[in-house]
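# Summary of structural features
If you want the building blocks of each chain, they are given just below.
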Number of protein chains: 2
Amino acid sequence: MDSAALLDLLGNENRRRILRLLARKPCYVTEISEYLGVSPKAVIEHLRKLEEAGLIESRVDDQRRKYFHIARNVRLEVNVSPYGFASKSAYPSNNSFDITTCRHLSLDVTCDDLDDLDELLSTLEDLEQLENELSLAQRWVQGRLCDVLDQFSETVGGGPESRIYADVLSSVRTEPKSIGDLSQDVEVPREIVADVLESMADRGIVRRTERGWELTTSS
Amino acid sequence: MDSAALLDLLGNENRRRILRLLARKPCYVTEISEYLGVSPKAVIEHLRKLEEAGLIESRVDDQRRKYFHIARNVRLEVNVSPYGFASKSAYPSNNSFDITTCRHLSLDVTCDDLDDLDELLSTLEDLEQLENELSLAQRWVQGRLCDVLDQFSETVGGGPESRIYADVLSSVRTEPKSIGDLSQDVEVPREIVADVLESMADRGIVRRTERGWELTTSS
């Protein structure tokens, strides 16, 4: 599911409380309604939305009671900063994904040989610590990205728009580009790309050649 | 700001579109209203909520026009899985945070010597790749956590409640605990902890001694 749909669902306090409850144990409507202090009718409506999105499912037990549980494994990340607003959602990767292919990152956790309880518990602990460290690392990266863009904004100009400046420069760094190509690359209208290039040309950072726009430092 | 407040704000499509717009460049009300196709009155109301939360700020320019921009750097993460629902929000860490103290994770990116444009651009690229890899790693961890809890649920029982079973076992693993201590540790009512312990005692996984509840494998 896309991040917009997920944010719409999670933007409601009672739906978040329902998910928190169902993450503990499967529940039926009356239980949820009593726990939340919300009418069964409203609970049913929330459940319907969550079920339609595939986040929850129901199962009927021997006493014909309908129990709801969380059906899906999904992860949402949102970054808000003066240099960007981005949200993405994704399903967990399956076992075949090779985490060692990462170029900038290495993990020290093994998930094999889960034969006995002790190994299961220690792997669980390691994974939970790793999850925490990955969050810290992402906060660190977001901090550094802002530092770099701040410094960028000093060097190249652009102020609050320096993200676009940076994207344009990154794009022309590898090879000369036309305004049309750049507009596609950085997903910004041609007029804005043209303005950005003019402003950086005035500062001697880029130049126009017959091959297209390029860094003045490129040979 | 806490993750609930952030989710409430981001749960609205027009507020997300406003943030996306402001992340590109500072805007004034009429601009936003025309871009979104939403009345200025509604835009002002959205801006008020975003401003109250500290996510955006305004500045008045020479022509007395009030421009809004994103003021805050914040990160939100939500995990939904059959074994849990967790959301957290955090500010980026500042430079003094030492990322090398992580036990399970090492990063290969340097952010020093940002003297010239080329270094800035290549650091920016590295950080963006690292951000991507960290997301992949988190999806990998979430997948493995589910695998481990699935297997846990087979070994120990508990089915959809196996997260509580795992938390209880992790807690008694280091030292014997009373039901009261466990209830605090895993943040679950005493009755549920007692049920979980009984069920695992029946399976020969834990036992009660005079020091408290402990793993049967502990000596």
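Residues numbered from 1 in each chain as written. Chains lettered and ligands numbered in written order. Predicted model: local features only at pLDDT ≥ 70, side-chain atom pairs only at ≥ 80, totals over all residues. Heavy atoms only, no water.

Under an unreviewed UniProt entry, chain A has the name MarR family transcriptional regulator and belongs to Natrarchaeobaculum aegyptiacum.

### Looking at the relation of the copies chain A and chain B
Operational definition: Least squares is the method used to superpose the copies, on C-alpha atoms of residues holding a pLDDT of at least 70 in both. Contact definition: two residues touch when any of their heavy atoms are within 4.5 Å.
For the pair chain A and chain B, the relating rotation is 180°, the translation along its axis is 0.0 Å, and the fit reaches an RMSD of 0.1 Å. Here the copies are linked by what is in effect a two-fold axis. Relative to the rotation axis, the C-alpha of G11 of chain A is the closest in chain A, positioned 1.9 Å from it. A shared binding surface is used by both copies, with 100% of the interface residues of chain A retained as interface residues in chain B.

### Notes on the interface of chain A and chain B
Inclusion rule: Put simply, buried area is how much 1.4 Å-probe accessible surface two parts lose in total, over both of them, once they are put together. Whenever Lys or Arg places a side-chain nitrogen within 4 Å of a carboxyl oxygen from Asp or Glu, that contact is recorded as a salt bridge.
Contact with chain A, which involves 97 residues of that partner, is made by 97 residues of chain B. Taking both partners together, chain A and chain B bury about 9600 Å²; carbon and sulfur atoms supply 60% of that area. Sorting the residues of chain A by area buried against chain B places F85, H104 and W140 of chain A first, and these three jointly supply 9% of that buried surface. Linking chain A to chain B there are ten salt bridges. For R75 of chain B, the salt bridge is made with E77 of chain A, and the minimal N-O distance between the two is 3.3 Å.

### Re the nonpolar core
The line we're drawing: In plain words, nonpolar cores are sets of buried Ala, Val, Leu, Ile, Met, Phe, Trp, Tyr and Cys residues tied together by side-chain atoms within 4.5 Å. Residue exposure (1.4 Å probe, protein chains only): buried if accessible area is under 20% of the type maximum, exposed if over 50%, otherwise partly exposed.
In terms of nonpolar packing, the biggest core is built from 82 residues, with F152, L169 and M200 of chain A together with F152, L169 and M200 of chain B touching the most fellow members. Filtering out sequence-adjacent residues up to four positions away, F152 of chain A remains in contact with G157, S162, Y165, A166 and L169 of chain A together with L117, L120 and L121 of chain B. In this structure, L10 of chain A together with I18, A23 and I70 of chain B belong to the second largest nonpolar core, which totals 51 residues.

### Some points on the environment of L197 of chain A
Note the threshold: What counts as a helix is a DSSP run of H or I of at least four residues, what counts as a strand is a run of E of at least two, and both are numbered from the N terminus.
Counting through the fold element by element, L197 of chain A comes out in helix α8 (residues 190-202). Apart from residues no more than four positions distant in its own chain, L197 of chain A is found in contact with V168, I179, L182, V206 and W213 of chain A.

### Observations concerning the sheet that holds strand β4 (residues 84-90) of chain B
This is how it is decided: In short, DSSP must find at least two bridges between two strands for them to pair. Only the stretch in contact is used when a helix axis is fitted, and all axes are lines through C-alpha atoms; the angle between N-to-C directions ranges over 0 to 180 degrees.
As summarised here, the arrangement of the four strands in space is β4(A)-β3(A)-β3(B)-β4(B), forming an open sheet in which the pairing is antiparallel. Strands at the two margins of the open sheet, each flanked by one partner only, are β4 (84-90) of chain A together with β4 of chain B. Within this sheet the neighbouring strands show an average axis-to-axis angle of 5°, counted without direction. Of the pairings in the sheet, the one linking strand β3 (residues 74-81) of chain A to strand β3 (residues 74-81) of chain B comprises seven bridges and is antiparallel in character. Its bridge partner lying in β3 of chain B, E77 of chain A is registered against E77 of chain B. Each of β3 of chain A together with β3 and β4 of chain B touches helix α5 (residues 117-156) of chain A; the most contacted strand, β3 of chain B, lies at about 150° to it. Helix-sheet contacts for helix α5 (residues 117-156) of chain B involve β3 and β4 of chain A together with β3 of chain B, and the interaxial angle to β3 of chain A is about 150°.

### Notes on the pairing of strand β7 (residues 212-215) of chain A
Residues and elements named next belong to chain A. Sheet analysis places strand β6 (residues 206-209) next to β7, joined by four bridges and oriented antiparallel. Bridge assignment links T209 to a residue of β7, and that residue is G212. Taking the residues that link successive antiparallel strands as the turn, the β6-β7 hairpin has two residues.

### Some words on α5 of chain A
Residue and element names in this part refer to chain A. Here is the rule: Helix span is expected to be 1.5 Å times the residue number reduced by one. Residues adjacent in sequence count toward polar contacts only when both atoms are side-chain atoms; beyond that, a polar contact is any pair of N or O atoms within 3.5 Å, and within protein one must be able to donate a hydrogen and the other to accept it.
With 40 residues, α5 extends 57 Å from end C-alpha to end C-alpha; this agrees with the ideal 58 Å at 1.5 Å per step. Where α5 begins, the side chain of D116 points an oxygen toward the backbone nitrogen of D118, at a separation of 3.1 Å. A positive backbone phi angle near 90° is found at G157, which sits one or two residues after α5.

### A few points about the UniProt feature "domain: HTH arsR-type" (unreviewed entry) in chain A
This is how the line gets drawn: UniProt positions are given in the numbering used here, feature names are shortened, and annotations may be inferred rather than shown by experiment.
Under the UniProt annotation, the feature "domain: HTH arsR-type" (unreviewed entry) is placed at residues 1-89 of chain A. What you have in residues 1-89 of chain A is 46% helix and 27% strand, and the ends, taken at the C-alpha atoms, are 7 Å apart.

### Quick notes on the domain arrangement of chain A
Accessible area lost upon the coming together of the parts is a frequently used measure of interface size. To keep things clear, this is the line we draw: Delimitation of the domains relies on an automatic or database domain assignment.
In terms of domains, chain A is made up of domain 1 (1-109) and domain 2 (157-215). For domain 1 of chain A and domain 2 of chain A, the distance between their C-alpha centres works out to 41 Å.

### Regarding the packing of α5 of chain A against helix α6 (residues 162-174) of chain B
For any two helices packed against each other, one specifies the inter-axial angle together with the distance between the axes. Test applied: Small angles under 35 degrees read as roughly parallel and large ones over 145 as roughly antiparallel, with 65 to 115 read as roughly perpendicular and the rest as oblique. Polarity classes work like this: nonpolar for Ala, Val, Leu, Ile, Met, Phe, Trp, Tyr, Cys and Pro, charged for Asp, Glu, Lys and Arg, and polar for all others, with Gly in that last group.
α6 of chain B packs onto α5 of chain A with a crossing angle of 100° between their chain directions and a minimal axis gap of 10 Å. In this view, α5 of chain A runs roughly perpendicular relative to α6 of chain B, as classed from their interaxial angle. Touching L117, D118, L121, S122, L124, E125 and E128 of chain A of α5 of chain A are R163, A166, L169, S170 and R173 of chain B, all from α6 of chain B. Looking at side-chain class alone, the contact of α5 of chain A with α6 of chain B contains five nonpolar, two polar and five charged residues.

### Details of the pattern of salt bridges
In total, this model carries 30 salt bridges over all chains according to the counting rule given. In this structure, D8 of chain B and R16 of chain A form a salt bridge, with 3.1 Å as the shortest nitrogen-oxygen distance. With one member in each of two chains, D8 of chain B in helix α1 (residues 3-10) and R16 of chain A in helix α2 (residues 13-24) form a pair that bridges those chains. Take R16 of chain A: its relative accessible area is 1%, and that puts it in the buried class.

### A short note on the pairing of strand β2 (residues 66-70) of chain A
Residue and element names in this part refer to chain A. By the bridge criterion, five bridges tie strand β1 (residues 56-60) to β2 in an arrangement that is antiparallel. Counterpart to S58 in the pairing with β2 is F68. Here β1 folds back onto β2 in antiparallel fashion, the turn holding five residues, of which R64 has a positive phi close to 60°.

### With respect to unusual backbone geometry
At R64 of chain A, a residue that is not glycine, the phi angle is positive and equals roughly 60°. Within the element layout of this structure, R64 of chain A appears in the loop between β1 and β2.

### Notes on the side chain of Q142 of chain A
The topology assignment puts Q142 of chain A in helix α5. In this structure Q142 of chain A comes out as buried when scored by relative accessible area, which is 4%.

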